[in-house]
Structures are given as structure tokens and as C-alpha cells.
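Residue-level structural notes
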Amino acid sequence: VSTATATLTYVYGITRSGNVPATPGIDGVPLVAIEHDGLVALTSPVPQAEFAEDRLKDHLEDLAWLEKTARAHHEVIATAVAQGEVVPMRLCTLFADDGRVAEMLAREHARLAETLERLIGCEEWGVKVLAEPTAQPAPADTPDDTATDRPGHAFFARKRQQAEARRKTTASIEQALADTDATLRRHARASVRLRPQQRSLSGHRGEMVSNAAYLVERSRTDAFIRTAHELAEALAPSGLTLDLTGPFAPYNFTAEPDA
Amino acid sequence: VSSLSPRGDYSPSSGSSGSGGASNLADVLERVLDKGVVIAGDIQVNLLDIELLTIKLRLVVASVDTARRMGISWWENDPMLAGESRENGDDPRALSRRVAELERQLEERTPEREER
């Protein structure tokens, strides 16, 4: 028994019969479809030496390994969702073998089938709003306080004005974000707010003042995109940039909606 | 002006997000790590326990609204102002009193200013 060839079964997501993408999985290994009662688990074998519990924890702390694995996972799901519904699994959902996956499909059948049903015809879009740093008051405008008779007084008067300007700017940004979200939600079935992203990962410029995901029916995708374009134009004069990404598999909408 | 990239997930140009890849890594990670169906597999790894994820990838915040305010906080990142308010407490009147006193002392030391 060679441990070098021992594998675990990695599950990317659940879809229906007939929707198995040709995309390879992790390490370029072809996907294996495991079917049970109309549900198909998109899987591939991964080396046990790499994905066993004690090794996995270390690998997940390694950003290069994490990116490679996350992108492979994401690619399988993105290809599957382009062809039909798919319920994405969280990263590193692993089973001892294919038989254990079939057992899981049997055990979780009702929940997975219901989730697939609920997501029919929908895709997820991400909308971020970025505030340009150039929208800040220019430091070059700072007057020389010591040129006046009362430099301290002038300094604090200026600081008060700047604080007031900041309050007004923050309030107007909050209002613009609320209006943008409300307008986009009119074209979406559901929406969630996400945390602002880490700059080291996203590489974004300016400050991410909002990050949200919208579940959009494909029949309304064009209207959603058109609306996003209009909103982007409306926000631009305020130094706010709207960044639309997608479509994604509905990762953010797999949970049961609140009753 | 906008950085709209419709269908960006499938095209290499992903708006102004600055990522060279098909999808910005943050867009991918915030989905595959944080979202998706959680099913207990045979390998038990709690992604929430991963140090890299908790420290580097997540903002430790109480709520999304807090996060949003933190996102906006660069308006308040004037180091001069922030530094002063920490040293002196947040009472602007106390600061004004100190400034008035300093101005008074300055005037005493520089009598030539009085001649103007």
C-alpha cells in the first residue's frame, strides 16, 4: 500500500445530472461525477498526503497554496454555473472515498435539492464602491496659521471647518451608498452586504466603502447591468467608483433565507 | 470613469480592481472560504481556526456596518488631529484653553508683535 497514491475525494459542488463541466479540478486532474437520485457531486481525487487533516491546516496558512486551490475550486464552479444550477461547497470539503460522497448525497438529498431548486435561473453579481483618495481636501490649501496674530485660534477654526466638511462628506457618502443599494435591489431577488476586502488581496485603489452581493435572475441580468452603469455614472462626480464583478455562482445565497 | 466589467468573471479584464487574473483573489476567497454550503466531510478542518484567514483575510469587526464605517475612516485619518485628540482627551474646550494660554505666553515673549 503506497501512501504516495492514496487519495481523498474533494467535492466542489452539487449539480444535476448532465451538467458536468470538462474543466479539470485541482492539480489538473479530470472531474469525477458521483450521482445519486438526480443529484451530481462534482469531485476529483486529491492526494491524501496534501489534504489530510494534519497537513491541510498548514497548507491553508500558505497563501500560494490557498490561492491555487481556491482558484481551481472557483473555476470548476464557474464553469458549472455557466451551464446550469450548482450549489457550491465551501473550500476543502473532503471525503475518504467516492462511496462516502454517495452516502452524503443520500443523507443531504432533501436540503441540496431544495437549494438547487431555489437557485434556478439565478446568478450572483458583486458590487463594490470605492472612494477615491483624491476626494480628500487638498493639503496644499492649508494656510500658514503663524501668519496671523492668533495662530492657535486660526488653527482650531480651520480644524473645526475640516471636521464639519468631513461629517458632511461622510453623510453624503452614506446616503449615496444607501441609494445605490436600494436601486440595485429592485433588480435583484436577494442581496447581502460583505466585509470590505483586504487591499493586499484585491489590489484596489482608494477606500472600499461598500461591498455587496446580489442574487439576480438571468432574465433580469441586462437590466441589472444597465442600472449599475447608470449608478456608476451618477456616483463618479462624487469621487466614488462602482465596480461590478460577475457572474458568480450564488455562493452568498446557498443558506436558507430567513423566514 | 466607471470600472464596470460586465461578465468580468469570465474575461481577463476585471475592471479597475488591479488584479491581473481572471478574478480578483479577494472576490474568489471571500466566496469559497466564507460562503457556500457547509457539509461535514470526513476531514474536519474548521476554516475559522486558520490563522491566516482570521488575521490576514478577515477584518475583525463586530458588524458590516462597522466595517463600512472603518472603510470610510480615511476621512478622519488626519494624523495631526488624531494625535492631538489622543494626547489631550477629546474635550475641544480644554484644547482651546491650552491654546489661549500658549498664545498669551507667546505674546509676552515677543513684545515686538505688540507694536504692529
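Keep in mind it's a predicted model, so treat the numbers as computed, not measured.

1. Quick look at the overall build of chain A
- Scanning chain A from terminus to terminus reveals eight helices and eight strands.
- Principal axes of the C-alpha set define a box for chain A whose edges measure 90 × 45 × 30 Å.
- Burial analysis of chain A (259 residues in total) assigns 51% to the buried set.
- For chain A, the accessible area works out to roughly 11,800 Å², and carbon and sulfur atoms hold 52% of it.
- Between the averaged position of the 28 positive side-chain charges in chain A and that of its 37 negative side-chain charges there is a distance of 7 Å.

2. Things to note about the pairing of strand E1 (residues 7–16) of chain A
Residues and elements named next belong to chain A.
- Along E1, eight of the 10 residues are buried, which leaves the element largely enclosed by surrounding structure.
- In terms of strand pairing, E1 meets strand E3 (residues 39–47) through nine bridges, oriented antiparallel. Each bridged residue has a counterpart across the sheet, and for threonine 15 the counterpart in E3 is valine 40.
- Across six bridges, E1 lies against strand E4 (residues 86–95) in antiparallel orientation. Counterpart to threonine 9 in the pairing with E4 is phenylalanine 95.

3. Examining the sheet that holds strand E6 (residues 190–193) of chain A
Residue and element names in this part refer to chain A.
- Sheet architecture is open: four strands sit in the order E6-E7-E5-E8, paired in antiparallel fashion. Edge positions in the sheet fall to E6 and strand E8 (240–248), since each has one partner strand and no second. When strand polarity is set aside, the average angle formed by the axes of neighbouring strands in this sheet is 20 degrees.
- Pairing between strand E5 (residues 122–131) and E8: seven bridges, direction antiparallel. Each bridged residue has a counterpart across the sheet, and for valine 129 the counterpart in E8 is leucine 242.
- Relative to E8, helix H8 (residues 221–235) is tilted by about 165 degrees, and along the sheet it contacts E5, strand E7 (207–217) and E8.

4. Re the side chain of histidine 59 of chain A
All names here are of chain A.
- Examined against the element boundaries, histidine 59 turns out to sit in helix H2 (residues 53–60).
- On the basis of relative accessible area, histidine 59 is assigned to the buried category, the value being 16%.
- Once residues within four sequence positions are removed from consideration, histidine 59 is found in contact with Glu50, Trp65 and Leu66.

5. Examining the packing of aromatic side chains
- Scanning the model with the defined rule gives five aromatic pairs over all chains in all.
- Judged by centre distance (6.1 Å) and plane angle (80 degrees), the ring pair of tyrosine 10 of chain A and phenylalanine 51 of chain A falls under edge-to-face. Of this pair, tyrosine 10 of chain A sits in strand E1 while phenylalanine 51 of chain A sits in helix H1 (residues 48–51), placing them 41 residues apart in sequence. Side by side, tyrosine 10 of chain A and phenylalanine 51 of chain A carry an identical accessibility label, which is buried.
- Between phenylalanine 51 of chain A and tryptophan 65 of chain A the ring centres are 5.3 Å apart and the planes differ by 50 degrees, which places this aromatic pair in the tilted class. Placement of the pair is phenylalanine 51 of chain A in helix H1 and tryptophan 65 of chain A in helix H3 (residues 63–83), with a sequence separation of 14 residues. Summarising the burial analysis for this pair, phenylalanine 51 of chain A and tryptophan 65 of chain A share the class buried.
- An aromatic cluster of at least three residues, connected via ring pairs, comprises Tyr10, Tyr12, Phe51 and Trp65 of chain A.
- Arginine 31 of chain B extends its terminal NZ or CZ atom over the ring of phenylalanine 248 of chain A, reaching a point 3.8 Å from the ring centre.

Calculation rules
- Residues numbered from 1 in each chain as written.
- Chains lettered and ligands numbered in written order.
- Predicted model: local features only at pLDDT ≥ 70, side-chain atom pairs only at ≥ 80, totals over all residues.
- Heavy atoms only, no water.
- Helix = DSSP H or I, 4+ residues; strand = E, 2+ residues; numbered from the N terminus.
- Buried < 20%, exposed > 50% of the residue type's maximum accessible area, 1.4 Å probe, protein only.
- Areas by Shrake-Rupley, 256 points an atom, 1.4 Å probe, with all protein chains shown as cover.
- Lys, Arg positive; Asp, Glu negative; His and termini not counted.
- Charge placed at Lys NZ, Arg CZ, Asp CG, Glu CD.
- Pairing = 2+ DSSP bridges.
- Axes fitted to C-alpha atoms, helices over the stretch in contact; angles between N-to-C directions.
- Contact = heavy atoms within 4.5 Å.
- Phe/Tyr/Trp six-rings, centres within 6.5 Å; stacked < 30°, edge-to-face > 60°.
- Lys NZ or Arg CZ within 6 Å of the ring centre and 35° of its normal.

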